[in-house]
Structure formats: C-alpha cells, structure tokens
Amino acid sequence: MRAVTIERFGPPEGLVPTDLPDPVPGPGQVVIAAEAIGVGGVDAVIRRGTIGRAGIEPGYVPGSEAAGTLVAVAEDVDRAWIGRRVWAFTGVGGAYAERVVAAVGDLTPLDDGFSAIDAVALGSAAPVARFALAHGHLVAGERVLVRGAAGSIGIAAVELAVRLGASAVAVTAGSPARGERLRALGATHVLDRQGQGDGPSSYDLVLDIVGGSAMPDFLDRLAPNGRLVLVGAVAGMPPADFGGRLLAAFQQSRSFATFSLDSVPRDALAAERAELFRSAAAGTLTAVVDDVLPLAGAAAAHRRMDDGEVFGRIVLTP
C-alpha cells in the first residue's frame, strides 16, 4: 500500500511517500480502506520533533484519524463490522496510508450519505471543542475567547459556544479576512494574534489552542473566577513559570486547566462524536475543509500549516 512516512524530523520535506506492506489487525483491531485522512496540528508537532521523539523514529507514519470502509477484523472482533463505513482514531500515528489500523473501540459508524471528508474535518476537532467547553464550565451569558480560532478545533468551539448561549465569542485571527470568515460562523469580536482589538476587556473562559510563550498574557485577560483551558500547543509549550501570573492575581480566583480527549471515556466520546456528526448532517455544525489533496501531497499540506495559511482542516485522499 501507499503511505507517507517521516524520514527526517523538521521541515515538511521530511514527509516522504513510500510503499509499505498492507497492515494486519492485531487483537481487538480492524483495518480500514481509507477514503479521507485528517491532517491535524498534532501531526505537525510530531513531524517537527518539538515534543520529543520517544518511540517515534524515521519511517513513522503520522496521522491520527481516517474515515473509510472497514475491510478486515481480528479474530476476536465481530465480523459484522466488515463493509461498514466508519470514522477511526488511529492513535498518535498510522493514518497517512491507504489502509489504516484502529482499535474497534475507537470507531464511530458513519450514516449513509455523510461524507468521509466531513467526518475527518470534525471527528477529532469537534469533540475536543465540545468537551473542552464543558471542562471550562461554560454557561449561557458568559464571555468566551477562542485563541487560535481558524483551525478546525477553534471553528467548532466558536459554533458550539454560540449554541451554548455565550454572550460574546471573541477570536484571535491572523488576518482580517480570516476574522471575517469566523464572524460568519458566529464570532462576535475579532482580535489579532496578541489579543488586541475591539472586544471585551475580560473573559470568563479562554479556550487556548496555541500555547507557546504568549499564553500567560491571556491569563491576564480572565475576569474574576475566569478559567483558561489549554487544549493545544501548536506554538510550543508555555513557559514553566506561567503559574506566577495566576498567583500575582490571587484575589481574582482565576484558574488554569489542560484538556485532552484521552480523559474522556470511550463510550461517552463515541456517543458525543456521533451526535456532532448528526449536527453536521443537519447543517447546525460546519465541517470547514480548507483543501483536499492527494496522499502524496502531505508535505504540501504541512507547509501550508507551518505558514499559517490553513482555515479549517486539510484532508488527504488516497
């Protein structure tokens, strides 16, 4: 089968198309003939080598989600799965390939007519946004800032915050054009990447997808009892001493939390993902696809991510 592997960590050119043997499912696993493969921020972080390379060596196949038709199962898996269209989480890697392996517990069936491309645009991102907003205890009437809102997680967070009744949904965006696209999806205020612009002076919840050295500045934007939830670190990890900003404003009772889907029980996660897919099919949640490229175009997709040009998600097709 055709796949894309990381042959050199660093720039996107280290992603190389190659031929690999067809995978064989192990206990509790299935094999899916991929129709669509999501290109995510975590893929880029792994490819750059910025979060360490423990267990990740040259020849590694990146990618964490794919959608397609299930073609094989292990002996301990119900054969009734064969022939079903599914979305699959493949872990921290393995999805940039014509055939992918996933655990049967990490599948979400797709309804007839629901696009595999839309499924990978939303399958990981929308649940992150949904559960992160819940983790941040968002309630109707509160003010939200989504930092790094032009990606698939941020876009879903904007739409879901509006549905939950937020009184203001501010976003940071890299350009006015991207900001206007976010306004069309429900954002009420558009700020620059530093958080400057015509928006509320403080927020009850900041959902931060960016991280990096500037993250502590957004702790200062929290209202009394405000919460910042870090769901990503595409700009790298925050400085180790960021907690000093919280202590300096001790009387404001601000708080910081991280959120990962790994903390959500599989059954609850699959049920929520299926509901979000139904919302997308009904037109109440938007699957924003920036571009669809062939599998061999993975390096080009990563170049665009590194350049900050992607709005939504890039999808690869075998």
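Placed above this text is the structure.
The present account deals with the structure reproduced in this document. (Residues numbered from 1 in each chain as written. Predicted model: local features only at pLDDT ≥ 70, side-chain atom pairs only at ≥ 80, totals over all residues. Heavy atoms only, no water.)

**Points about the side chain of Thr-90**
Consideration 1: With respect to the secondary-structure elements, Thr-90 resides in the loop between strand 5 (85-89) and strand 6 (99-103).
Consideration 2: In this structure the side chain of Thr-90 is engaged in a polar contact, spanning 3.2 Å, whose partner is the backbone oxygen of Gly-93. (Helix = DSSP H or I, 4+ residues; strand = E, 2+ residues; numbered from the N terminus. Polar contact = N/O pair within 3.5 Å; in protein donor to acceptor, adjacent residues only side chain to side chain.)

**Some thoughts on the sheet that holds strand 12 (residues 222-230)**
Consideration 1: Strand order in the open sheet formed by six strands is 10-9-8-11-12-13, and the pairing between neighbours is parallel. Looking at the sheet topology across the chains shown, the edges are occupied by strand 10 (189-191) and strand 13 (255-258). Each neighbouring strand pair of the sheet contributes to a mean axis angle of 20°, computed without reference to strand direction.
Consideration 2: The pairing of strand 11 (residues 203-208) with strand 12 spans five bridges and is parallel. When the bridges of strand 12 are listed, Val-206 appears paired with Leu-228.
Consideration 3: Against the sheet, helix 3 (residues 125-135) touches strand 11, strand 12 and strand 13, its axis set at about 145° to strand 11.
Consideration 4: Helix 4 (residues 152-163) contacts strand 8 (143-147), strand 9 (168-172) and strand 11 of the sheet and is inclined by roughly 170° relative to strand 9. (Pairing = 2+ DSSP bridges. Axes fitted to C-alpha atoms, helices over the stretch in contact; angles between N-to-C directions. Contact = heavy atoms within 4.5 Å.)

**Some details on the pairing of strand 15 (residues 313-317)**
Consideration 1: By the criterion of burial, strand 15 is predominantly enclosed, with four of the five residues buried.
Consideration 2: As judged from the three bridges shared by strand 3 (residues 29-39) and strand 15, these two strands associate in the antiparallel manner. Counterpart to Val-39 in the pairing with strand 15 is Ile-314.
Consideration 3: Across five bridges, the pairing between strand 14 (residues 289-294) and strand 15 is parallel. Paired with Val-292 across the two strands is Val-315, which belongs to strand 15.
Consideration 4: Assessed by its sense of winding, the connection that carries the chain from strand 14 through helix 9 (residues 298-306) to strand 15 is right-handed. (Buried < 20%, exposed > 50% of the residue type's maximum accessible area, 1.4 Å probe, protein only. Right-handed = clockwise from strand over helix to strand, strands pointing away.)

**Remarks on the packing of aromatic side chains**
Consideration 1: Tallied over the entire structure, the rule returns two aromatic pairs.
Consideration 2: Taken together, a centroid distance of 5.2 Å and an interplanar angle of 40° make the contact between Phe-114 and Phe-277 tilted. One end of the pair, Phe-114, is in the loop between strand 7 (107-109) and helix 2 (116-122); the other, Phe-277, is in helix 8 (residues 266-282), with 163 residues separating them in the sequence.
Consideration 3: According to the relative accessible area criterion, Phe-114 is buried, its value standing at 8%.
Consideration 4: Since its relative accessible area comes to 5%, Phe-277 is described here as buried.
Consideration 5: The ring of Trp-81 carries the charged tip of Arg-84 above its face, separated from the ring centre by 4.9 Å. (Phe/Tyr/Trp six-rings, centres within 6.5 Å; stacked < 30°, edge-to-face > 60°. Lys NZ or Arg CZ within 6 Å of the ring centre and 35° of its normal.)

**Points about the pairing of strand 9**
Consideration 1: Among the five residues that make up strand 9, five are buried, leaving the element largely enclosed by the rest of the structure.
Consideration 2: Burial of the side chains of strand 9 extends over both faces: Ala-168, Ala-170 and Thr-172 are buried on one face and Val-169 and Val-171 on the other.
Consideration 3: Summarising the sheet, strand 8 and strand 9 pair through four bridges and their orientation is parallel. Counted as the bridge partner of Val-146 is Val-171 from strand 9.
Consideration 4: Viewed along the sheet, the connection from strand 8 through helix 4 into strand 9 turns out right-handed.
Consideration 5: For the handedness criterion, the β-α-β arrangement of strand 9, helix 5 (residues 176-184) and strand 10 is classed as right-handed.

**Some points on helix 9**
Consideration 1: Along helix 9, the residues that are buried comprise Ala-298, Ala-299, Ala-301 and His-302. For helix 9, the buried positions fall inside an angular range of 155° around the axis, keeping them on one side. (Arc of directions from axis to C-beta.)

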